[in-house]
Amino acid sequence: MSEQRSNLGFGLLALIPIVCCIGLPLIAAAGISVALAAWVGGLVLAVLVLIVAVVVLVLRTRRHRTERSSSILRTRS
(Lines give C-alpha, C1' and ligand atoms only; values in the text may rest on other atoms or scores of the structure.)
Protein backbone atom coordinates (compact mmCIF):
# COMPACT_ATOMS: atom_id res chain seq x y z
CA MET A 1 0.00 0.00 0.00
CA SER A 2 2.79 2.40 0.72
CA GLU A 3 4.13 1.77 -2.79
CA GLN A 4 0.91 3.08 -4.29
CA ARG A 5 1.11 6.22 -2.19
CA SER A 6 4.68 6.91 -3.24
CA ASN A 7 3.74 6.40 -6.89
CA LEU A 8 0.82 8.73 -6.43
CA GLY A 9 3.14 11.35 -4.90
CA PHE A 10 5.55 11.12 -7.81
CA GLY A 11 2.63 11.35 -10.23
CA LEU A 12 1.36 14.51 -8.58
CA LEU A 13 4.88 15.90 -8.49
CA ALA A 14 5.14 15.29 -12.23
CA LEU A 15 1.81 17.11 -12.82
CA ILE A 16 2.97 20.33 -11.11
CA PRO A 17 5.07 21.60 -14.06
CA ILE A 18 2.29 20.74 -16.49
CA VAL A 19 -0.27 22.63 -14.42
CA CYS A 20 2.07 25.60 -14.08
CA CYS A 21 2.77 25.65 -17.82
CA ILE A 22 -0.94 25.67 -18.53
CA GLY A 23 -1.89 28.00 -15.70
CA LEU A 24 0.67 30.74 -16.24
CA PRO A 25 -0.38 31.53 -19.81
CA LEU A 26 -4.01 31.54 -18.71
CA ILE A 27 -3.22 33.99 -15.93
CA ALA A 28 -1.22 36.14 -18.34
CA ALA A 29 -4.07 36.07 -20.86
CA ALA A 30 -6.53 37.11 -18.16
CA GLY A 31 -4.24 39.99 -17.18
CA ILE A 32 -3.97 41.13 -20.79
CA SER A 33 -7.74 40.90 -21.16
CA VAL A 34 -8.27 43.05 -18.07
CA ALA A 35 -5.73 45.59 -19.30
CA LEU A 36 -7.35 45.68 -22.73
CA ALA A 37 -10.80 46.11 -21.21
CA ALA A 38 -9.56 48.96 -19.04
CA TRP A 39 -7.90 50.64 -22.03
CA VAL A 40 -11.03 50.34 -24.18
CA GLY A 41 -13.21 51.55 -21.30
CA GLY A 42 -10.99 54.59 -20.83
CA LEU A 43 -11.12 55.33 -24.54
CA VAL A 44 -14.91 55.09 -24.60
CA LEU A 45 -15.16 57.34 -21.55
CA ALA A 46 -12.88 59.92 -23.18
CA VAL A 47 -14.99 59.91 -26.34
CA LEU A 48 -18.17 60.38 -24.31
CA VAL A 49 -16.65 63.31 -22.41
CA LEU A 50 -15.55 64.88 -25.69
CA ILE A 51 -19.04 64.51 -27.18
CA VAL A 52 -20.66 66.07 -24.11
CA ALA A 53 -18.18 68.96 -24.19
CA VAL A 54 -18.92 69.64 -27.88
CA VAL A 55 -22.69 69.51 -27.30
CA VAL A 56 -22.43 71.92 -24.36
CA LEU A 57 -20.26 74.28 -26.39
CA VAL A 58 -22.70 74.23 -29.33
CA LEU A 59 -25.68 74.85 -27.06
CA ARG A 60 -23.95 77.75 -25.32
CA THR A 61 -23.01 79.29 -28.66
CA ARG A 62 -26.57 79.00 -29.97
CA ARG A 63 -27.99 80.50 -26.80
CA HIS A 64 -25.49 83.35 -26.90
CA ARG A 65 -26.34 84.08 -30.56
CA THR A 66 -30.11 84.11 -29.93
CA GLU A 67 -29.70 86.43 -26.94
CA ARG A 68 -27.49 88.76 -28.95
CA SER A 69 -29.85 88.87 -31.96
CA SER A 70 -32.93 89.48 -29.81
CA SER A 71 -31.21 92.31 -27.94
CA ILE A 72 -30.17 93.94 -31.22
CA LEU A 73 -33.73 93.71 -32.47
CA ARG A 74 -35.02 95.32 -29.27
CA THR A 75 -32.66 98.27 -29.45
CA ARG A 76 -33.48 98.95 -33.11
CA SER A 77 -37.22 99.06 -32.48
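Just above, that's the structure.
Scope of this entry: the structure provided in the associated data block.

This part covers the overall build of the protein. For the protein, the count of helices and strands is one helix and zero strands. A buried classification covers 0% of the 77 residues belonging to the protein. Put simply, the protein shows about 7300 Å² of open surface, and 74% of that area lies on carbon and sulfur atoms.

A cluster of nonpolar residues, Leu36, Trp39, Val40, Leu43, Val44, Val47, Leu48, Ile51, Val55 and Leu59, forms a patch on the protein surface that exposes about 940 Å² of accessible area. As for its position among the elements, Ile51 is in helix α1 (residues 2-76). The class of Ile51 is partly exposed, set by a relative accessible area of 49%.

Rules used throughout
Residues numbered from 1 in each chain as written. Predicted model: local features only at pLDDT ≥ 70, side-chain atom pairs only at ≥ 80, totals over all residues. Heavy atoms only, no water. Helix = DSSP H or I, 4+ residues; strand = E, 2+ residues; numbered from the N terminus. Buried < 20%, exposed > 50% of the residue type's maximum accessible area, 1.4 Å probe, protein only. Areas by Shrake-Rupley, 256 points an atom, 1.4 Å probe, with all protein chains shown as cover. Patch = residues over 30% accessible without salt bridge, like charges linked within 9 Å, V, L, I, M, F, W, Y side chains within 5 Å. Salt bridge = Lys/Arg side-chain N within 4 Å of Asp/Glu carboxyl O.

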